[in-house]
Each structure stands twice: as C-alpha cells, then as structure tokens.
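Each chain, letter by letter, is given below.
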Amino acid sequence: MIKLVVTDLDGTFLNNKSTFDVELFNEVHAEMQEQGITFVACTGKQCERVEKLFGEHGKGIWILGDSAARIKRDGEVVKEFTIARELALQAIEEIQAFDPEMTLIVCGSDAAYVLSSIPEDMYRVVKGSYEQVIKLDSFQQITNDFIKITVFDVKERCGALRKHVEKKLDGQIYIVDSEPRWLDITALHTHKGETVKKLQEMLGVTFEETMSFGDGENDVELMAIAKYSFAVSNACDNTKRAASFITKSNEENAVLLTIQKIIELQKK
C-alpha cells in the first residue's frame, strides 16, 4: 500500500513551461488524501518559490526544497540542514577561483543571495527558482545560516567545476551537478535521498510504502528510497538505470497519471 509519493519538480512534475495541470493535480491530490497518501515536492527550488507555484492548491503538501536542505509544510519550517559558515565561504572562494563570472546563488534560511553585479538576464533565471532574493556586494555580508550554494553556468561546465571543488573539499560537503548548467552544494550527507529518509521516519512510512519520481542526476538517490521508483522518459541515463520503472515524459503529465493508476490498483 502506497502511503508516500515524492516527486522532483523541474523536468519531472513540471512541464517544459515550468507549470502543471492544476485541474488534474487537484483531482489526483483529492484522491490521494482519501487514500491517506502524502504528497511531497522534492526540489532544488526554494521552498517559498514552491509555495507560490502551488498557491492555494498546495495545502497539506510537504516541501523538501533548496535541494532538500529545508523541509516546510503549510508555511511552517519543520527542519533545516546547514553548512558551516567558513566551509561555505571556502566553497564560494573555490567557485570564484574557477570562474568569477559564474552565477552564484547562496541560500540562507531567510532568502537566496546573489551579488549586486549579477546581469539582469541571469537575475531572471534566479527568480525562476527563488522567490525571496536579496542582492549584496559580498557573500561575507550574510549573517544567517548557510543552507546551500547553487551555481548556474551558461557555458555548461558544472561537471568540471564539481571536480575542481571536490579536489579541495571532498568529504566535507555534498556536491552534485544535476545537469551541465546547474550545480548544488549542501552539507555533507544532505541530499534528496537522505532528507526523504528523515521524512519517512517522521511520518512512520516505509521503503515499501513509498513511490518516487525523478529525471536528473540529483534524483538518483531519490530512486533508492522507494520500492516504486519511476524515472520519466526524458530522464538522464543514470536516473533511468537507478529507477525500477520508466514512465511517460514530464510533458505528458507522467507523475499525476502514474499516481492515478496506482491509486486505482490500490482500490481494487
């Protein structure tokens, strides 16, 4: 019996316009609630951006946002996993040494921070995933806890950047290049898989009672925490290999239609 459904957002639950079928979601979510199934959005997006994305339709859902470094539900912060300040600043220094022109997004518990010098087109990219954004002259000005560091690189060098940072900080942080343009750094052992495990413990849900969906490199761990793990058809090869099943694409309402079919099976 499925009790927990965990899905990545970009490239998985969301279509290529970063939207979703609201009518279908409301129908499926109502069915999930009737069956006692909890819905979880697990994403690199800022929790507050996810709250805005779902709006009034997001009541009761769990958000594992900021690359699963924060857990929120109905506007309340349940848990945060922070990076030590000096370690975070060291990682930022290594990124800037690799290329000072890369777009850096440094996330705190209150907001995402970018440098004041950020080009306007890059700022629009940032706002696509972060609702609360503050510009400042130096990341040294951040006084709140560091939650994660994200890099966006139009030149698609995040694989090379990951190797560069790992040479200096391997074993001290968790780092993943989810795709060639995006890289995330969080506290050691803080990633989607581990955070979902913590939520499973909180809710008393088992591996056998969990279903997960993903598409990117940072969803590989998400495939390991659920007996019923699904990669969308547009997923990367590593996620497909890690998944138990392959479903339709993010452009075909794959997540919602798959959940709907599983619910029908459970009713029988």
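Residues numbered from 1 in each chain as written. Predicted model: local features only at pLDDT ≥ 70, side-chain atom pairs only at ≥ 80, totals over all residues. Heavy atoms only, no water.

Colleague: Would you mind going over the packing of helix α4 (residues 85-98) against helix α6 (residues 158-169) with me for this structure?
Modeller: In helix packing, the relevant descriptors are the interaxial angle and the interaxial distance, both defined with respect to the helix axes. Relative to each other, α4 and α6 sit at 135°, their axes nearing to 10 Å. With respect to their mutual orientation, α4 and α6 come out oblique. Helix-helix and strand crossings are classified by hand; for α4 and α6 the assignment is right-handed. Residues L87, Q90, A91, E94, I95 and F98 of α4 form the contact with α6, whose participating residues are A160, L161, H164, V165, K168 and L169. (Axes fitted to C-alpha atoms, helices over the stretch in contact; angles between N-to-C directions. Helix = DSSP H or I, 4+ residues; strand = E, 2+ residues; numbered from the N terminus. Parallel < 35°, antiparallel > 145°, perpendicular 65-115°, else oblique. Left-handed = near helix turned anticlockwise from the far one by under 90°. Contact = heavy atoms within 4.5 Å.)

Colleague: Would you mind going over the packing of aromatic side chains with me for this structure?
Modeller: The geometry of an aromatic ring pair comes down to the distance between the two centres and the angle between the two planes. Counted according to the given criterion, the structure contains twelve aromatic pairs. When the ring of F13 is compared with that of F20, the centres are 5.2 Å apart and the planes differ by 45°; the resulting orientation is tilted. Of the residues examined, F20 reaches a relative accessible area of 11% and is grouped as buried. Ring centres 6.0 Å apart and planes at 85° place the aromatic pair F13 and F25 in the edge-to-face group. Within this pair, whereas F13 is found in helix α1 (residues 9-13), its partner F25 is found in helix α2 (residues 22-34), the two being separated by twelve residues in sequence. Judged by relative accessible area, F13 falls into the buried class, the value being 5%. An aromatic cluster is present here, built from F13, F20, F25, F39 and F54 joined pairwise through their rings. (Phe/Tyr/Trp six-rings, centres within 6.5 Å; stacked < 30°, edge-to-face > 60°. Buried < 20%, exposed > 50% of the residue type's maximum accessible area, 1.4 Å probe, protein only.)

Colleague: Is there a simple way to think about helix α5 (residues 120-127) in this case?
Modeller: Three- or four-residue spacings in an α-helix give side chains the same orientation, since the helix completes a turn every 3.6 residues. Among all positions in α5, only M122, Y123 and V126 are buried. Along the long axis of α5, the arc covered by the buried residues comes to 105°, so they all point the same way. (Arc of directions from axis to C-beta.)

Colleague: Sorry, what's going on with the nonpolar core here?
Modeller: A general feature of soluble globular proteins is that nonpolar side chains tend to end up buried together. Counting 27 residues, the largest nonpolar core has I92, I95, F139, F146, I149, V165 and I185 as the members making the most contacts within it. When contributions to this core are tallied by element, the ones reaching two or more residues are α4, β6 (103-108), β9 (146-152), α6, β10 (173-179) and β11 (182-187). Core analysis: the next-biggest nonpolar cluster, separate from the first, contains 26 residues, L24, M32, I37 and F230 among them. (Core = buried A, V, L, I, M, F, W, Y, C linked by side-chain atoms within 4.5 Å.)

Colleague: How should the packing of α2 against helix α10 (residues 254-267) be read in this particular structure?
Modeller: At a minimum axis distance of 10 Å, the contact between α2 and α10 shows a crossing angle of 30°. Between α2 and α10, the interaxial angle falls into the category roughly parallel. Considering the relative orientation of α2 and α10, their crossing is left-handed. Here L24, F25, E27, V28, E31 and M32 of α2 lie close against α10, whose contacting residues are L256, L257, I259, Q260 and I263. Classifying every residue of the contact of α2 with α10 by side-chain character gives eight nonpolar, one polar and two charged. (Nonpolar A, V, L, I, M, F, W, Y, C, P; charged D, E, K, R; others polar.)

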